[in-house]
Amino acid sequence: MARCYIRWFEDIGADDVASVGGKNASLGEMVRNLGRYDIKVPPGFAITADGYRHFLSANKLETVIASRLAELDGKASVAEVGSALRAGVLKAEWPEDLSAAICQAYRDLSQRSGLDEADVAVRSSATAEDLPDASFAGQQETFLNVCGEAAVLDACRRCFASLFTDRAISYREAKEFDHLKVALAIGVQEMVRSDLAGAGVMFSIDTETGFDRVVLIDAAWGLGETVVQGTIDPDEYQVFKPLLADAALNPIVHKRCGGKALKMIYAEEGERSTRNVPTSPAERSAYVLTDAEILQLARSACIIERHYRGPMDIEWAKDGRSGQLFVVQARPETVQSRAQAGVQRTYKIVRKGRKLVFGLSIGGSVVSGPVCIIRDPKNIDRFISGGVLVTTTTNPDWVPIMKRAAAIVTDRGGRTSHAAIVSRELGVPAIVGTGDATEVLQQEQYVTVSCAEGDEGFVYEGIAEVVTEEMDVTAVPNTRTKIMLNLANPAAAFRWWRLPADGVGLARMEFVIANHVKVHPMALVHFDRLTHGKAMTAIAELTRGYEHKADYFVDRLSLGLARIAAALYPKPVIVRMSDFKTNEYANLIGGADFEPKEENPMLGFRGASRYYSPEYRDGFALECRAIRRLREEMGFTNVVVMIPFCRTPDEAGRVLEVMAENGLASGQNGLEVYVMCEIPSNVILAADFAERFDGFSIGSNDLTQLTLGVDRDSELLASVFDEQNEAVKWMIRSVIQAAHKAGAKVGLCGEAPSNHPEFAEFLVECGIDSISVVPDGFVRVKKHVAEAESRRN
């Protein structure tokens, strides 16, 4: 009979869910099939559902359970029924044959591990949990660092009892599962000593946008429960899957060092099995994983995804003694993998109040409502439906009010925490890991929760004015003219991956520098020249951990641009080198010491003229290093470089020469270099510019300004500023003709084709190769261009 109750992982697989539960079946599937790909799964065994049923039968608990559950019809509350059932299970005795089988299996596992008594994890694995049709994380209990036969039996009994927690009973009621048909299996698995290293969770899909070409990894020091429970702010990494096959590349496109204030470790003898302790300052400021380990985990996620034929939610752990990485759980991802790709809704905040707190955004919508701060689930009866739930962190006990919330805001947690996972399942926007929302926000205060601005979510004071639009990405016509996107914010780039765009026509480097780097590049190269103590302190803090301060600029800039390059890979992504004006450069940290004061920065020391000047040449070298890393080390050879505000062909030659000195020679490794067409000289001397550049991108705002002599920012002259003025159209028509005659490509980036169908038709008549617009206007421009092209045929 013992063989019915114990099954080793290597003897089970995906077809054994009914017998061993979803967790154990998945572990067995990986042990049997993925070991040859170097996917390491700690050894262990399953106590089958038959073992659970035998436990109930031997103690005559089936009748007690059935009668107690029948009282849910109105005679008793979930809490009363659950408490009685758990007490009954915990008082029950082990059938001798079942306890003997468990103890013998534990002894065998210890022997395999070379230990007298192995440290094990004891995990519940219900036969209706972790299946593709429903998966609320953590419905039953898990016990870590369990050592000794008596402790294993005690943990197993408590697992059986956890089938009747209030939240588990409520979950089955909500899903309309038959309580008596749900059995509980248990997994007993050798512990990975991640208490001496780190652990976490990874998804083989972007959890917020459904972008299926990245792996998302969360990591924390110590045991991984802190990540799952959302008790800490973990590190976060993203890896671009299509480039992982080339071992020479490092396609990590995002790295964020989390606060990681706590870590879960083994408890001292005589205490509980685990305990949380504060991390050291060095641990809080360091990444948990090396780049090599990040890539190894990402490759493992891809292998697991390929085997299961769908996106996966995976728990991993690093052994601090051996340094090896292990997979300790894997289950199907159940939210983004089922999202319909048809209509894409966008939110634009027109007017908003003061920013109060921010954190990681979960979901993509914007909602408003009154704040309801609740720190203890015992007080959930105080929650008002439609309010913004604000709390420290959540666990399954919070699910009943999470369902009724307009939005959820937590102090702690990452993208793979309980609050994030359940919010996604429920379709409720959430902001996690704010750090201080429970202290800053006030009870009953009206706020707006915005999760529509990229990776970061913001809570604004008051009720914001929001405009929503819907785009049907399945009803976009085909066009000969390429329609591309203008993107600047790396945090929001993945939101547009479903648009059938022909690439990115304008990626503005200066936005990435201002928001992700924040420091003037010359202040990093010449830190000793700084005269402002505040700037020196800020730079020292930002660059901590970098051997050379300039490396910070290259790292942050290349990572920011990488997410834009990945969003539509392998389609071209045209990155415009920095085009700040001197007053804007001066606003960067340390910038005031390196920028002149100009009367008219719009026509001053900007664009190409900076790149070869001694005043900025060292800064431009860092920009080139970032592009070179992006293309050569990370693998984004789809990146095209574009030079802004290039006044003369001679200036063009000088810029190309400096680029070549920094490893970015035009034509080398397929590198294309474009020039912005925004100055009348670019049109008049188009043939000369075409000899030096591979293509032109018409900047309609500056070209209009300089053709008509109108300050585009002047309210007094707003009526004169017109991109459709005949003089401007003559410029556009002329440069298109000259570029094509020279064999160069030419596009336009601007909003006029989106707002004015007749302007789109004009561009089509001129034979323009591409038009680049903001994502919100993509579908409109596609339709305008398709109509214009059909009229020409």
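The structure displayed is predicted, hence computed values, not measured ones.

### Considering the overall build of the protein chain
Stage number 1. In terms of regular secondary structure, the protein chain is built from 29 helices and 30 strands.
Stage number 2. Expected size for 793 residues packed as a compact globule is a radius of gyration near 28 Å; at 30 Å, the protein chain falls within 12% of this value.
Stage number 3. In terms of overall dimensions, the protein chain has a C-alpha envelope of 95 × 55 × 50 Å along the principal axes.
Stage number 4. For the protein chain, the residues scored as buried account for 59% of the 793 residues in total.
Stage number 5. Within the protein chain, contacts between residues at least 6 apart in sequence are counted, and of these 69% link residues at least 24 apart.
Stage number 6. Taken as a whole, the protein chain presents about 31800 Å² of accessible surface, with 48% of it coming from carbon and sulfur.

### A few points about the sheet that holds strand β30 (residues 770–773)
Stage number 1. The sheet built from eight strands closes into a barrel, its strands ordered β23-β24-β25-β26-β27-β28-β29-β30 with parallel pairing. Pairwise comparison of adjacent strand axes, ignoring direction, gives a mean angle of 30° for this sheet.
Stage number 2. Here strand β25 (residues 573–576) runs beside strand β26 (residues 639–643); their pairing, made up of four bridges, is parallel. Residue pairing in the sheet places V573 in a bridge with V639 of β26.
Stage number 3. Sheet contacts for helix α26 (residues 726–741): β27 (673–677), β28 (695–699) and β29 (745–749); angle to β28, the most-contacted strand, approximately 170°.

### So, the state of the cysteines
Note on terminology: a disulfide is the covalent bond linking the sulfur atoms of two cysteines.
Stage number 1. In total, this model carries zero disulfides according to the counting rule given.
Stage number 2. There is no disulfide at C4, and the cysteine sulfur nearest it, in C156, is 17 Å away.

### Some words on unusual backbone geometry
Stage number 1. Of note, the bond from Y569 into P570 is cis; its omega dihedral lies within 30 degrees of zero at 5°.
Stage number 2. Within the secondary structure, P570 is located in the loop between α18 (549–567) and β25.
Stage number 3. Although it is not a glycine, K60 adopts a positive phi angle of roughly 50°.
Stage number 4. Structurally, K60 is set in the loop between α3 (49–58) and α4 (62–70).
Stage number 5. Its identity is not glycine, yet K260 carries a phi of approximately 45°, on the positive side.
Stage number 6. Residue class for K260 comes out buried when judged on its relative accessible area of 0%.

### Some details on the nonpolar core
Stage number 1. Membership of the largest hydrophobic core comes to 108 residues, with the highest contact counts inside it found for F636, I643, M659, F696, I698 and I732.
Stage number 2. Per-element accounting of this core gives the leading share, twelve residues, to α18.
Stage number 3. With residues up to four places along the chain from it excluded, the contact list for I643 reads M577, A608, Y611, V655, M659, V673, Y674, V675, M676 and F693.
Stage number 4. Within the second largest apolar cluster, 47 residues are counted, among which are F55, V81, A101 and A118.

### Digging into the pairing of β25
Stage number 1. Residues V573 and V575 point to one face of β25 and I574 and R576 to the other, with burial holding for every one of them.
Stage number 2. Bridge count between strand β24 (residues 504–508) and β25: three bridges; the pairing is parallel. Note on β25: the bridge partner recorded for A507 is V575.

### Structural notes on the environment of K348
Stage number 1. Examined against the element boundaries, K348 turns out to sit in strand β14 (residues 343–351).
Stage number 2. A sequence separation of 117 residues divides K348 from E465, and the C-alpha atoms of the two residues are 8.6 Å apart.
Stage number 3. K348 has contacts with E465, V466, V467 and D776, leaving out every residue within four places of it along the chain.

### Focus: the sheet that holds strand β8 (residues 235–240)
Stage number 1. Here six strands make up an open sheet; going across it, the order is β9-β8-β7-β6-β12-β13 and the pairing antiparallel. Looking at the sheet topology across the chains shown, the edges are occupied by β9 (252–256) and β13 (325–332). Taking the axes of each pair of neighbouring strands and ignoring which way they run, one obtains an average angle of 15° across the sheet.
Stage number 2. Examined bridge by bridge, β8 and β9 share four bridges and lie antiparallel to one another. Residue pairing across strands places Q238 opposite H254, the latter belonging to β9.
Stage number 3. Each of β6 (198–203), β7 (214–221), β8, β9, β12 (312–318) and β13 is contacted by helix α11 (residues 291–308), which is oriented at about 140° to β12, the strand it contacts most.
Stage number 4. With respect to the sheet, α18 is in contact with β8 and β9, its orientation differing from that of β9 by roughly 130°.

### Remarks on the pattern of salt bridges
Stage number 1. Using the criterion set out here, one finds 42 salt bridges in the structure.
Stage number 2. Note that D195 and R193 form a salt bridge whose closest N and O atoms lie 2.7 Å from each other. The burial state of D195 is the same as that of R193; both residues are buried.
Stage number 3. Look at the salt bridges and you will find they share partners, linking E236, R415, D455 and R563 into a network.

### Remarks on the environment of A739
Stage number 1. For A739, the location among the structural elements is in helix α26.
Stage number 2. Distance from A739 to F689, taken between C-alpha atoms, is 8.9 Å for residues 50 residues apart in sequence.
Stage number 3. With residues up to four places along the chain from it excluded, the contact list for A739 reads F696, A744 and V746.

### As for the packing of aromatic side chains
Stage number 1. Summed over all chains, the structure comprises 18 aromatic pairs.
Stage number 2. Residues F240 and F636 carry aromatic rings whose centres are separated by 5.3 Å and whose planes lie at 40° to one another, so their mutual orientation is tilted. In this pair, F240 sits in strand β8 while F636 sits in the loop between α21 (617–633) and β26, placing the two residues 396 residues apart along the sequence. Of the two residues examined, F240 and F636, each falls in the buried class.
Stage number 3. Where F458 meets Y460, the ring centres are 6.0 Å apart and the plane angle is 25°; that geometry is what we call stacked. Here F458 and Y460 have matching classes, each one buried.
Stage number 4. Taken together, the ring pairs in this structure connect Y52, F55, W94 and F160 into an aromatic cluster.
Stage number 5. Cation over ring: R193 sits above Y266, and NZ or CZ is 4.0 Å from the ring centre.

### A short note on the side chain of S110
Stage number 1. Here S110 is to be found in helix α6 (residues 96–112).
Stage number 2. A relative accessible area of 0% means that S110 is categorised as buried.
Stage number 3. With residues near it in sequence (within four places) discarded, S110 still touches L115, D116, E117 and A118.

### Side note on the packing of α18 against α21
Stage number 1. Relative orientation of the contacting elements α18 and α21 amounts to 50°, with a least axis distance of 8 Å. As summarised for this structure, α18 and α21 are arranged oblique, according to the angle between their axes. When you trace α18 past α21, the crossing you get is right-handed. Along the contact surface, α18 presents A550, D551, F553, V554, D555, L557, S558, L561 and A562, while α21 presents L622, E623, R625, A626, I627, R629 and L630.
Stage number 2. Tallied by class, residues from the contact of α18 with α21 come to ten nonpolar, one polar and five charged.

### A few points about a nonpolar patch on the surface
Stage number 1. A cluster of nonpolar side chains, L716, L717 and V720, forms an exposed patch at the surface whose accessible area comes to about 300 Å².
Stage number 2. Here L716 is to be found in the loop between α25 (700–708) and α26.

### Things to note about the packing of helix α5 (residues 78–91) against helix α8 (residues 166–175)
Stage number 1. Following both chains from N to C, one finds α5 and α8 inclined at 120°, their axes separated by 9 Å at the closest point. Relative to α8, the element α5 is oriented oblique. In this structure, α5 meets α8 at a crossing whose hand is right-handed. Residue-level contacts link V78, A79, G82 and R86 of α5 to D166, I169 and S170 of α8.
Stage number 2. Each residue belonging to the contact of α5 with α8 can be placed in one class, and the counts come to three nonpolar, two polar and two charged.

Reading guide: rules and limits
Residues numbered from 1 in each chain as written. Predicted model: local features only at pLDDT ≥ 70, side-chain atom pairs only at ≥ 80, totals over all residues. Heavy atoms only, no water. Helix = DSSP H or I, 4+ residues; strand = E, 2+ residues; numbered from the N terminus. Rg over C-alpha atoms; globule rule 2.2 N^0.38 Å. Buried < 20%, exposed > 50% of the residue type's maximum accessible area, 1.4 Å probe, protein only. Contact = heavy atoms within 4.5 Å. Areas by Shrake-Rupley, 256 points an atom, 1.4 Å probe, with all protein chains shown as cover. Pairing = 2+ DSSP bridges. Axes fitted to C-alpha atoms, helices over the stretch in contact; angles between N-to-C directions. Disulfide = S-S within 2.5 Å. Core = buried A, V, L, I, M, F, W, Y, C linked by side-chain atoms within 4.5 Å. Salt bridge = Lys/Arg side-chain N within 4 Å of Asp/Glu carboxyl O. Phe/Tyr/Trp six-rings, centres within 6.5 Å; stacked < 30°, edge-to-face > 60°. Lys NZ or Arg CZ within 6 Å of the ring centre and 35° of its normal. Parallel < 35°, antiparallel > 145°, perpendicular 65-115°, else oblique. Left-handed = near helix turned anticlockwise from the far one by under 90°. Nonpolar A, V, L, I, M, F, W, Y, C, P; charged D, E, K, R; others polar. Patch = residues over 30% accessible without salt bridge, like charges linked within 9 Å, V, L, I, M, F, W, Y side chains within 5 Å.

Note that all results are geometric; they support no functional claim without further evidence.
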